[in-house]
Amino acid sequence: MRTLTKKNLLILGSILLTFALVQVLVLVGILDSFYEITIATICINIILAVSLNLVTGFTGQFSLGHAGFMSIGAYVCAIISMRIGTVGGFLLGLLAGALAATVVGILIGIPTLRLKGDYLAIATLGMAEIIRVVFLNLEITNGAAGLNGIPRYANWLWLYFFTVMAIVIINNFLKSSPGRACIAIREDEIAAESMGINTTKYKVIAFAVGAFFAGLAGGLYASYFYFLKPDLFGFMKSVDILVIVVLGGLGSLTGSVIAAILLGLITTFLQSFTAVRMIVYAVLLVVIMIFRPQGLMGSKEINDLLKFRFGKKEEKIE
Amino acid sequence: MPLLKVDKLTKSFGGLTAVSNVSIDINKGELVGLIGPNGAGKTTLFNLLTGVYVPSSGSIALKKNAATIELGGKKPYHVTKEGLARTFQNIRLFKDLTVMDNVRIAMHQNVKYGLVSAFLHFNKYHKEEDELKAEAERLLEIFHLSHKKMELARNLPYGEQRHLEIARALATKPSLLLLDEPAAGMNPYETAALTEIIGWIRNEFGLTILLIEHDMSLVMKICERIYVLDYGMLIASGEPNKIKKNKRVIEAYLGEDVSNA
Amino acid sequence: MDQFLQQIVNGISLGSIYALIALGYTMIYGIIKLINFAHGDIYMIGAYIGFAVTTYTNLGFFPALIIAMAGCTVLGVTIEKIAYRPLRNASRIAVLITAIGMSFFLEYTMMFFVGAEVRSYPMILSKKTFNFGDILINIQQIYIVLTAVALMILLQFIVHKTKTGKAMRAVSVDKEAAQLMGINVNTTISFTFAIGSAFAGAAGVLVGIYYNSIDPLMGMMPGLKAFVAAVFGGIGNIPGAMIGGLGIGIMETLISGYGNSMYRDAAVFALLIIILIVKPTGLLGKNTREKV
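What you see is a predicted model; the values in this text were computed from it and never measured.

Draft legend 1. Focus on the overall build of chain B. Secondary structure summary: chain B contains 11 helices and 10 strands in total. At 19 Å, chain B has a C-alpha radius of gyration in line with the 18 Å of a compact globule built from 261 residues. In terms of its C-alpha atoms, chain B occupies a principal-axis envelope of roughly 70 × 40 × 35 Å. Going through the 261 residues of chain B one by one, you find that 56% of them count as buried. In chain B, of all internal contacts separated by at least 6 residues, the share reaching a separation of at least 24 is 66%. Chain B carries 33 positive and 30 negative side-chain charges, and their two centres are separated by 5 Å.

Written out as structure tokens, the structure reads:
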């Protein structure tokens, strides 16, 4: 690994600085527990959004079933950590949940990813509904009543760690040959296949990676909010995640992060008005699609903007 | 045995036979032209060779090292892996990606590092990515595109887009290159430049080339042999000079009425 | 055997409602290739209009049905004009996301005004039942099936015997060519939304009567299921939507009757995924392929 380049040090520095800043604000008491919940929600939503963006924004496979993978991670992590009540159990649960979501993602992806556009969207929606109905009927998940009293190990430190990890890994992936293969599929599937890319394979890989992180986010959710029920992971949740991705820009990780923070704040302020919040969401979706279909960031990332700002002469190839 | 041996290849769509009983041989190092009037089945033949369509009958055999590989019915990415690369009649670049990325994507099948390196950017990743970049730059240099490597493909002028498509096809390291109307829409000056490049890359990369073209100046100038297709059937083959004088070819192109008059 | 026939009878009445909603989906998909997610919510609004008309006035079934259909027609055409028309040349994903947005907008605007609680529908049809052997058929079921059949016959007439119907078919095959032939594409699309939404409105009133309860989120599930019905029959195909609707209705009642009703919804979606994978064009759909 080329760990000690100037750029990497800069990134590492800003990651630590952000962490320290929030930590100080919490310690001083400016951020009380109410805002801590907001921050936790934002972290979880960032993981969900960047992973969905990989599937929908970068690989071009429209999925409406992300909440399904999240629920798998959540339930697996909850069930394991309720039986092994240690930090180790929590981490094991997270990993197992993410892997379970990956396996389901692969199993579902292989047949459905042959479908295109809105057909795929509707198939993934159906799949997430099936997963929800299964959780509603299983004994181990306690049906519609859900699971209560899940040990709470996820805290701000863990959430931040996993959020950064998700962003870094997905960003790394996108700047690699398999990642470029995924982007090529979005651009032109027929041309991609003619350039030697096994399109089915890479769609499934993108789907699996997306499912892994959705599962991870689910596990963190279960542990932080210590309560689960199947209805949390319905169609509505999938759309919630989609709104973040679309608002930020399909194909921009930076956009997903910004949108997750923005919507997290909006949600906090509209907490007690569910209907109003959903109307705001709905209007946002329609207005963005009509007036700025590329979202806040388009497909630009933060370094594109910085480059523009400082007018760098030498174009660096990532 | 020739590099590519197409034997009695047929493709029907419902009742329509688009390619009928076509047999073609292409030897290593040759530059072969495929011509014919509009709708003669040229692009369909390309699509059969590259795996976009599955043949109704017949075989497509490619010689690779000592072995012979049957390509008929294989998926496009598989065919590319065996050493066939193509361009498209209606240019199918990755329009919203940079020139550089277009070429690097096509190098995909020769990349050796795995998924874990891709996630974590191990040394293996950096080493190979550096090589990739250097190789892509070399290819772009040939097509005079290196100064535009960070531009989006969609912003290139038409002629350069055609060049980039050829560069992208070459990046897959093919033994046989299929060009579908590479000079379509070009002016005579651009066509002349393209003719030169095609000849040059053939020697430089030791390529075998099959090209579909309507521009006869290009075909007659560089092709060593020509196959003529009409209504899905092979009606003539041979050297350019012979094809020029072939009665059936003239009929096919001009219509019987003219030749009878 | 009797129980089986009874389930079939119940399935047909539920299926006719699905078929009515599915028709709107399939016509709209046929003409602008959009899965109109808001369609299920138009049906919800139809149910509320029917509820308001019968509760606050003394009008009966048919006036309520017609007013609901009229209201939904206006709503459907307006939504198309405001939200979908500006995106006529945008990517299909963009329009689909807009449709999801519209769906949520209708659901939560409704919730904002009428509250989230479930309301019971006024009894506008008697609950009188007829016995045929051991099979029970009530007046409501007869009304539902007859209304659905009448509307479907009307639709067949419009699509195949009128000039507007011809225009609809032309636009669904090729928008540009239709325009060159002097067909006003926007008017035709509006008309399609009008018919589709009117049918959804009718289905809303019928379902209110059938289940005797309505709420702002009631459109979600039946909307999705009707979409499954449309896909099952072959999306874009009108007879396909009718067959699909009846098929899904009967399948659901059979699963509820014999199996575990909890898995009813899962079964519908499993069916959807199987169709999409095995025969994505549905029972009566046609195949298309991208040209290289």
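Draft legend 2. Main features of the environment of Asp7(B). Residue and element names in this part refer to chain B. Summarising the element assignment, Asp7 is placed in strand S1 (residues 4–13). The partly exposed category is assigned to Asp7, whose relative accessible area is 33%. Excluding anything up to four places from it in sequence, Asp7 contacts Val22, Ser23, Gly58 and Ser59.

Draft legend 3. Here's a closer look at the interface of chain A and chain C. Counting from both sides, the interface comprises 38 residues of chain A and, opposite them, 41 residues of chain C. Taken together, the two surfaces of chain A and chain C that pack against each other cover about 3,500 Å², and 85% of this comes from carbon and sulfur. Joining chain A to chain C, the criterion identifies 0 salt bridges. Here chain A and chain C share 0 residue pairs in polar contact (both at pLDDT 80 or more) between them.

Draft legend 4. Up close: the sheet that holds S1(B). Residue and element names in this part refer to chain B. Taking strand neighbours across the sheet as the criterion, the 4 strands line up as S2-S1-S4-S5 in an open arrangement whose pairing is antiparallel. Looking at the sheet topology across the chains shown, the edges are occupied by strand S2 (16–26) and strand S5 (67–70). Averaged over all pairs of adjacent strands, the angle between their axes in this sheet comes to 25°, without regard to strand direction. Pairing of S1 with S2, which is carried by 7 bridges, proceeds in the antiparallel orientation. Paired with Leu4 across the strands is Ile26, a residue of S2. Strand contacts of helix H1 (residues 42–49): S1, S2 and strand S4 (57–64), with the helix running at about 115° to S1, the strand carrying the most contacts.

Draft legend 5. Expanded view of the sheet that holds strand S8 (residues 208–212) of chain B. Residues and elements named next belong to chain B. Spatially, 6 strands are ordered S6-S7-S8-S3-S9-S10 in an open sheet, and the strand pairing comes out mixed. What marks the edges here is a single partner per strand, and that holds for strand S6 (84–86) and strand S10 (233–238). The average angle at which neighbouring strand axes cross in this sheet is 20°, direction not considered. Strands in contact with H1 are strand S3 (31–35), S6, strand S7 (176–180), S8 and strand S9 (225–230); relative to S8, the strand with the most contacts, it is inclined by about 145°. Helix H10 (residues 247–254) contacts S3, S9 and S10 of the sheet and is inclined by roughly 130° relative to S10.

Draft legend 6. Spatial organisation of the domain arrangement of chain B. Residue and element names in this part refer to chain B. Parsing chain B into structural domains produces domain 1 (4–83 + 174–254) and domain 2 (96–158). On a C-alpha basis, the centres of domain 1 and domain 2 stand 28 Å from each other. Interface of domain 1 and domain 2: buried area, both sides summed, is about 640 Å²; carbon and sulfur atoms make up 70% of it. Viewed at the interface, domain 2 and domain 1 are joined by 0 salt bridges. Counting across the interface, domain 1 meets domain 2 through 2 residue pairs in polar contact (both at pLDDT 80 or more). Counting only elements with at least two residues in the side of domain 1 that touches domain 2, the list comes to helix H2 (76–82) and helix H7 (188–205).

Draft legend 7. Here's a closer look at the nonpolar core. Among the nonpolar cores identified, the biggest contains 257 residues, and Leu228(A), Leu177(B), Phe37(C) and Tyr84(C) are the most heavily contacted of them. Here this core gets 15 residues from one element, more than from any other, and that element is helix H9 (residues 199–225) of chain A. Looking at which domains feed residues into this core, each of domain 1 (4–83 + 174–254) and domain 2 (96–158) of chain B supplies at least three. What Phe37(C) contacts, discounting residues up to four positions off in sequence, is Leu64(A), Ile122(A), Leu125(A), Phe235(A), Tyr25(C), Leu96(C), Ala99(C), Ile100(C), Ser103(C) and Leu224(C). By size, the runner-up hydrophobic cluster in this structure holds 29 residues, among which are Leu3(B), Leu45(B), Leu48(B) and Val79(B).

Draft legend 8. Just helix H8 (residues 185–211) of chain C, in detail. All names here are of chain C. With 27 residues, H8 extends 38 Å between its outermost C-alpha atoms, agreeing within 8% with the 39 Å of an ideal straight helix rising 1.5 Å per residue. Across the 27 residues that make up H8, a large majority, 23, are buried. Backbone nitrogen of Asn186 and a side-chain oxygen of the N-cap are separated by 3.2 Å at the start of H8; the cap is Asn184. Asn212 lies just past H8 and shows a positive phi near 65°.

Draft legend 9. The arrangement of empty space enclosed by the protein in detail. All told, the structure shown has 4 cavities of 30 Å³ or more when counted by the stated rule. Of the voids in this model, the largest cavity is the one considered here, and its volume is about 70 Å³. Around the largest cavity, the lining residues are Phe235(A), Tyr25(C), Phe37(C), Gly40(C), Asp41(C), Ser103(C), Glu107(C), Gly219(C), Met220(C), Gly223(C) and Leu224(C). If one sorts the elements of the lining of the largest cavity by residue count, helix H9 (residues 220–233) of chain C sits on top with 3 residues. Looking at the lining of the largest cavity residue by residue, the class counts come to 5 nonpolar, 4 polar and 2 charged.

Draft legend 10. Region of interest: helix H6 (residues 163–173) of chain C. All names here are of chain C. Looking at H6, one finds that the buried residues are Gly165, Ala167, Met168 and Val171. In an axial view of H6, the angular spread of the buried residues amounts to 160°, which keeps them on one side of the axis. Across H6 from its buried face, at more than 90 degrees, point the exposed residues Lys163, Lys166 and Val173. Buried-residue contacts for H6 involve helix H1 (2–32), helix H5 (139–161), helix H7 (175–180) and H8.

Draft legend 11. Expanded view of the packing of aromatic side chains. Applying the stated rule across the entire model yields 31 aromatic pairs over all chains. Here Trp158(A) and Phe161(A) contribute two aromatic rings whose centre-to-centre distance is 6.3 Å and whose plane-to-plane angle is 80°, an arrangement assigned as edge-to-face. Of this pair, Trp158(A) and Phe161(A) both sit in helix H6 (residues 156–174), 3 residues apart, which is roughly one turn of the helix. Given the relative accessible area of 24%, Trp158(A) is considered partly exposed. Look at Phe62(C) and Tyr143(C): their rings are 6.0 Å apart centre to centre, the planes differ by 50°, and that puts the pair in the tilted class. One end of the pair, Phe62(C), is in helix H3 (residues 61–84); the other, Tyr143(C), is in helix H5, with 81 residues separating them in the sequence. Cluster of aromatic residues (ring-pair linked, three or more members): Tyr75(A), Phe135(A), Tyr221(A), Tyr224(A), Phe225(A) and Phe233(A). Positioned above the aromatic ring of Tyr281(A), the side-chain terminus of Arg277(A) is 5.7 Å from the ring centre.

Draft legend 12. Region of interest: the interface of chain A and chain B. Contacts between chain A and chain B engage 32 residues on the former and 39 residues on the latter. Between chain A and chain B the total buried area reaches about 3,300 Å² when both faces are included, carbon and sulfur atoms providing 62% of it. Along the contact surface separating chain A from chain B lie 2 salt bridges. The partner of Glu129(B) in a salt bridge is Arg180(A), and the shortest N-O contact between them spans 3.0 Å. Run the count over chain A and chain B and you get 13 residue pairs in polar contact (both at pLDDT 80 or more). Of all the elements in the fold, those that place two or more residues in the side of chain A that touches chain B are H6, helix H7 (177–187), helix H8 (189–194) and H9 of chain A. Residue contributions to the side of chain A that touches chain B peak at 8 residues, all from H7(A). Grouping the constituent residues of the side of chain A that touches chain B by class yields 16 nonpolar, 6 polar and 10 charged.

Each value, and the rule that gives it
- Going along each chain's sequence as written, the residues are numbered from 1 onward.
- Key to labels: chains lettered from A, ligands numbered from 1, both in the order written.
- Reporting in this predicted model follows two pLDDT cut-offs: at least 70 for local features of residues, and 80 or more for side-chain atom pairs to be given and counted; totals over whole chains, interfaces and linings ignore these cut-offs and use all residues.
- Derived side-chain values reflect all non-hydrogen atoms in the structure, with water molecules and hydrogen atoms excluded from consideration.
- Helix and strand definitions here come from DSSP, where helices need a minimum of 4 consecutive H or I residues and strands a minimum of 2 consecutive E residues; each element is numbered from the N-terminal end.
- We take the radius of gyration over the C-alpha atoms and set the globule estimate at 2.2 Å times the residue count to the 0.38 power.
- Burial here depends on accessible area, computed with a 1.4 Å probe over protein chains only, as a share of the maximum for the residue type. Under 20% is buried, over 50% is exposed, and the range in between is partly exposed.
- The criterion used for residue contact is that any of the two residues' heavy atoms lie within 4.5 Å.
- In this tally, Asp and Glu contribute negative charge and Lys and Arg positive charge; neither His nor the terminal groups of the chain are included.
- Lys charges are placed at NZ, Arg charges at CZ, Asp charges at CG and Glu charges at CD.
- Accessible area, probed at 1.4 Å, shrinks when two parts are joined; the buried area is that loss added up over both.
- Here, a salt bridge means any side-chain nitrogen of Lys or Arg that lies within 4 Å of a carboxyl oxygen of Asp or Glu.
- Identification of polar contacts relies on pairs of N or O atoms within 3.5 Å, with a donor-acceptor requirement for protein atoms, meaning one able to donate a hydrogen and the other able to accept it, and with residues adjacent in sequence counted only if both atoms are side-chain atoms.
- Pairing between two strands requires that DSSP report at least two bridges joining them.
- Structural elements are reduced to axes, namely lines fitted to C-alpha atoms, with helices fitted over the stretch in contact, and the angle between N-to-C directions of any two is expressed from 0 to 180 degrees.
- The start and end points of each domain follow an automatic or database-based domain assignment.
- Note on terminology: a nonpolar core comprises buried Ala, Val, Leu, Ile, Met, Phe, Trp, Tyr and Cys residues joined through side-chain atoms within 4.5 Å.
- By this rule, a helix spans an expected 1.5 Å times one less than how many residues it contains.
- Of the grid points, spaced at 1 Å and generated over the protein atoms alone, those admitting a 1.4 Å probe that cannot get out make up cavities, while open sets with protein on both sides within 12 Å along at least five of seven lines make up pockets; any residue with an atom within 4 Å of a point is treated as lining.
- Grid points are joined across faces, edges and corners, and a volume is the space filled by probe spheres set on the points.
- All residues other than Ala, Val, Leu, Ile, Met, Phe, Trp, Tyr, Cys, Pro, Asp, Glu, Lys and Arg, Gly among them, are scored as polar; the first ten of these are nonpolar and the last four charged.
- Directions pointing from the helix axis toward each C-beta atom define the arc.
- Under the pairing criterion, centres of Phe, Tyr and Trp rings, with the six-membered ring standing for Trp, must be within 6.5 Å; the plane angle then separates stacked pairs below 30 degrees from edge-to-face pairs above 60, leaving the rest tilted.
- Charge over a ring is defined by NZ of Lys or CZ of Arg lying within 6 Å of the ring centre and within 35 degrees of the ring normal.

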